[in-house]
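Observations on the model geometry
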Amino acid sequence: MQYDIIVSGVGGQGILSIAAVIDLAALHCGLHIHQAEVHGMSQRGGAVQSHLRISDAEIHSGLIGEGTADIILSVEPLEALRYLHYLAPEGRIVTATETVINMPGYPPFELIEAELRRTGSPVLVDAAGLAREAGSARTSNMVMLGAAAPFIALEQDILETGIKELFEAKGETIVAMNIDAFRKGLAFSQEHIIKES
Amino acid sequence: MKKHLLLGAEAIAAGALDAGISGVYAYPGTPSTEITEYIQKSRETAERGIHATWSANEKTAYEAALGMSYAGKRALSAMKHVGLNVAADAFINSAITGVNGGLVLAVADDPSMHSSQNEQDSRFYGRFAMVPVLEPASQQDIYDATISAFDLSESLKLPVLLRLTTRLAHSRAGVTRAMPRGENPLHAEYAPERFVLMPYNARRQYEGLLGKQEPLERLSGSSPLNRMIPGNSSTGVLACGIAFNYAMEAKKSYGLDISVLKIGQYPLPRHLVEELFARCETVLVAEEGYPIYEELLRGWFDDRNIRGRLDGALPRAGELTTGLLAEALGVKRRETATVPDIVVNRPPGLCRGCGHRDLFEALNRVMEGFENRHVFSDIGCYTLGALPPYNAIHTCVDMGAAITMAKGASDAGLRPAVCVIGDSTFTHSGMTGLLDAVNERTPITVIIADNDTTAMTGGQASAATGSKLHAICRGLGVAENRIRTIIPLKQNLEKNMATLREEIEFPGVSVVLAVRECIETAARKKRSSGSKPANQ
Ligand code: SF4
């Protein structure tokens with residue numbers, strides 16, 4: 001098996017934490033993992049992306065080829081479209097719907113949504129709302145990880161172990177909140193899948 | 001065996017720790033910063049007392065590493081590619097003196113210029129200095145190569161250059177670590193015949209360096225970093241560093257039966273290259289960076305059989321990808337979805353609430369009153385002041401150039417001559433330029449944006465801030481009453497404008513210290529004082 005995931009968002013949205021949890025989970029499963037990050041200038045509110053590749057065989061390139069990504073997992077809807085050329089024809093977009101507008105010319109959401117829907121059956125998640133229900137708007141990224149979980153070949157409990165490991169140092173409350181956020185995202189996607197079929 | 005998920009940069013750090021270094025000397029710069037940060041946070045550093053404090057610039061860093069090597073211990077020096085321009089004098093000459101304890105220079109190049117002003121290729125410096133250059137391809141390769149770099153350095157008594165590029169430095173993969181070895185004992189030898197580079201000694205040392213070139217090539221020939229992956233088609237790829245990954249990915253995903261010669265150690269091993277040319281009619285030379293070896297090979301073999309960046313098979317500039325290599329090998333480009341036009345750019349900007357914003361606001365308003373509004377600037381977060389809405393600065397060339405360019409422009413008659421430089425950039429390379437201006441009483445206004453940190457690379461400690469900066473300016477000879485301090489906050493706008501205007505109008509050297517802590521760094525400090533440090 002091999003999964004190629006593009007994780008995208010805006011600097012400060014916690015996309016590296018999403019990648020870190022998937023990394024930890026894949027490592028627990030004895031899978032090969034390769035994660036390319038973007039650092040530096042792009043962190044000051046700019047576009048941020050990470051290429052994540054999981055495989056049971058050796059991975060050569062850290063970068064995902066254009067037209068081959070299985071999933072675009074985005075914490076911001078316009079950022080999901082920015083990497084559309086990476087998506088495989090049968091690939092899927094899982095994105096949060098809340099916009100981050102910090103530049104001129106940001107398009108109206110309806111146009112973004114229309115473009116997203118043209119890709120087939122995107123999972124559009126009100127991550128901000130679900131995160132608030134979980135107790136903190138800052139857990140949006142874990143909501144999105146949960147929403148993407150059914151499309152990645154990693155078990156729920158292994159991903160949750162990853163979340164525990166990542167947030168351990170911040171105390172039990174933070175861990176519980178992030179797991180709750182993850183489960184809310186997961187439940188949302190599972191419903192989406194049922195409706196779809 | 002336990003796997004650690006490490007960034008390429010961190011794999012160098014782990015390798016250096018396990019190779020028994022006694023110190024790392026570095027100046028932060030993307031994508032090399034994490035090398036030093038990993039060492040700073042490591043358990044070994046705390047336990048063994050490994051030197052890991054940031055240096056003032058890359059030259060002081062490399063020279064200190066050379067000094068540690070002189071004293072018999074192993075040292076790592078780390079920097080980004082343009083940092084090596086600063087350290088080049090020391091680096092090139094250390095190849096003439098040679099080393100004592102193992103000395104490895106890790107340089108991270110930034111092709112495609114993700115956060116740099118050029119995409120220069122550090123392998124040139126390696127050839128220039130005539131020292132071994134290692135260019136590993138994967139995270140494990142990097143870890144192993146770092147350890148062998150120290151071995152090579154100690155056995156050859158030469159510094160070794162370890163080169164990586166952005167995508168390797170900033171991508172994570174599993175690494176298995178070896179048994180760490182101990183540090184070298186203190187063992188400084190009197191060897192003025194090597195280390196005093198007066199012409200008589202230098203000539204002999206240089207002869208010695210020339211004499212080592214053949215053995216170096218032989219070592220490349222037997223290095224595990226250089227190896228052939230044979231195929232049956234008449235096409236081959238000479239794949240340097242990370243390009244090996246793309247060649248192998250192309251081979252696998254498009255079922256290409258190509259031969260791939262992996263190159264990870266230079267000088268180029270001639271017999272392996274000859275073997276590739278004997279196997280293949282056409283050879284694609286894939287280098288992440290400049291076509292250095294492609295140029296060389298076009299002289300060694302029949303130019304018509306060679307493809308690469310120079311004949312347009314690969315683009316002349318920018319990073320390589322699997323797709324680019326596959327196309328160069330004749331694979332048809334995959335149809336992909338196109339990014340819709342509504343996707344506008346999202347450029348990085350100064351953080352909301354950043355003090356630089358208030359500084360630029362005040363400076364812009366003051367400059368409006370002048371006919372000449374040129375502001376010379378430098379490298380740091382404040383470079384973003386060049387973008388809208390501020391458009392406040394007009395140059396950013398190399399570390400420290402703000403002050404010296406302002407001085408030259410002032411010499412030419414440009415008034416006012418104003419420049420903005422950060423605290424860390426000032427201590428890196430700005431101080432000497434200020435001394436030039438003081439000595440000539442050149443009318444310039446130097447605004448030092450002192451945010452108490454090296455913010456752009458993630459908030460590393462700065463060599464001098466606050467009262468220390470004030471004292472440095474005094475010491476360099478700026479008059480006490482011409483060193484003014486402002487606090488860039490909204491409520492101080494009028495006051496700050498008045499101070500800036502006075503100093504800009506003053507016909508001599510003046511310094512305005514704009515002092516306000518970076519809010520990101522302040523927040524990080526607060527967070528880390530509350531929670532446990534991250535474990536490695
Ligand atoms: S990181 Fe600090 S200095 Fe840089 S833009 Fe943000 S607040 Fe300003």
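Look up a bit, the structure's there.
Here we come to the sheet that holds strand 6 (residues 123–125) of chain A. Pairing is mixed across the open sheet formed by 8 strands, whose spatial order is 6(A)-5(A)-4(A)-1(A)-3(A)-2(A)-7(B)-1(B). Looking along the sheet, the strands with just one partner apiece sit at the ends: strand 6 of chain A together with strand 1 (3–7) of chain B. Pairs of neighbouring strands in the sheet enclose a mean axial angle of 20°, with direction left out of account. The pairing of strand 2 (residues 32–36) of chain A with strand 3 (residues 47–55) of chain A spans 5 bridges and is classified as antiparallel. Across the sheet, residue Ile33 of chain A finds its bridge partner in strand 3 of chain A, namely Ile54 of chain A. Where helix 1 (residues 8–18) of chain B meets the sheet, it contacts strand 1 and strand 7 (171–176) of chain B, and its direction lies at approximately 120° from that of strand 1 of chain B.

Take the environment of Leu489 of chain B next. All names here are of chain B. Locating Leu489 in the fold gives a position in the loop between strand 18 (483–486) and helix 20 (493–505). The spatial distance from the C-alpha of Leu489 to the C-alpha of Ala514 is 9.9 Å, given a sequence separation of 25 residues. When sequence neighbours within four positions are dropped, the list of residues in contact with Leu489 reads Asp358, Asn496 and Arg516.

Time to look at the pattern of salt bridges. Residues and elements named next belong to chain B. Following the criterion strictly, the structure yields 48 salt bridges over all chains and no others. Between Glu135 and Arg123 there is a salt bridge; the shortest N-O distance is 3.8 Å. Of the two residues, Glu135 is situated in the loop between strand 5 (133–134) and helix 7 (139–156) and Arg123 in helix 6 (residues 123–129); the sequence distance between them amounts to 12 residues. Across this residue pair, the class does not change: Glu135 and Arg123 are buried. Ionic pairing is found between Asp303 and Arg298, a salt bridge with its closest N-O pair at 2.9 Å. One salt-bridge network, in which partners are shared between bridges, spans Asp109, Asp121, Arg123, Glu135, Arg163 and Glu287.

A word on the packing of aromatic side chains. Residue and element names in this part refer to chain B. The full count for this structure, using the stated rule, is 7 aromatic pairs over all chains. Plain terms: the ring middles of Tyr70 and Phe195 are 4.8 Å apart, the flat faces sit at 80° to each other, and that makes the pair edge-to-face. Linking Tyr70 in helix 4 (residues 58–70) with Phe195 in helix 9 (residues 192–195), this pair joins segments that are 125 residues apart in sequence. Owing to a relative accessible area of 29%, Tyr70 belongs among the partly exposed residues under this scheme. Aromatic side chains Phe277 and Phe301 sit 3.9 Å apart centroid to centroid with 5° between the ring planes, which places their arrangement in the stacked category. On the criterion of sequence distance, the pair formed by Phe277 in helix 13 (residues 270–279) and Phe301 in the loop between helix 14 (292–300) and strand 13 (306–307) is long-range, its members being 24 residues apart. A residue is classified by how much of its surface remains accessible, and Phe277, at 13% relative accessible area, is buried. Aromatic ring contacts, followed pair by pair, group Phe277, Trp300 and Phe301 into a single cluster. Here the basic side chain of Lys262 rests over the ring of Phe244, its NZ or CZ set 5.6 Å away from the ring centre. The aromatic ring of Tyr290 is capped on one face by Arg316, whose charged end is 5.8 Å from the ring centroid.

Tallying the contact residues gives 45 residues for chain B and 43 residues for chain A. The interface formed by chain B and chain A contains 5 salt bridges. With its nearest N and O atoms 3.0 Å apart, the salt bridge here joins Arg53 of chain A to Glu249 of chain B. Run the count over chain B and chain A and you get 12 residue pairs in polar contact (both at pLDDT 80 or more). Those elements giving two or more residues to the side of chain B that touches chain A turn out to be strand 1, strand 7 and helix 12 (243–253) of chain B. Top element by residues in the side of chain B that touches chain A is helix 12 of chain B. It accounts for 5 residues. Classifying every residue of the side of chain B that touches chain A by side-chain character gives 19 nonpolar, 15 polar and 11 charged. With 3 bridges connecting them, strand 2 of chain A and strand 7 of chain B associate as antiparallel partners. Within the sheet, the bridge partner assigned to His34 of chain A lies in strand 7 of chain B and is Ala173 of chain B.

Parameters and conventions
- Residues numbered from 1 in each chain as written.
- Chains lettered and ligands numbered in written order.
- Predicted model: local features only at pLDDT ≥ 70, side-chain atom pairs only at ≥ 80, totals over all residues.
- Heavy atoms only, no water.
- Pairing = 2+ DSSP bridges.
- Helix = DSSP H or I, 4+ residues; strand = E, 2+ residues; numbered from the N terminus.
- Axes fitted to C-alpha atoms, helices over the stretch in contact; angles between N-to-C directions.
- Contact = heavy atoms within 4.5 Å.
- Salt bridge = Lys/Arg side-chain N within 4 Å of Asp/Glu carboxyl O.
- Buried < 20%, exposed > 50% of the residue type's maximum accessible area, 1.4 Å probe, protein only.
- Phe/Tyr/Trp six-rings, centres within 6.5 Å; stacked < 30°, edge-to-face > 60°.
- Lys NZ or Arg CZ within 6 Å of the ring centre and 35° of its normal.
- Polar contact = N/O pair within 3.5 Å; in protein donor to acceptor, adjacent residues only side chain to side chain.
- Nonpolar A, V, L, I, M, F, W, Y, C, P; charged D, E, K, R; others polar.

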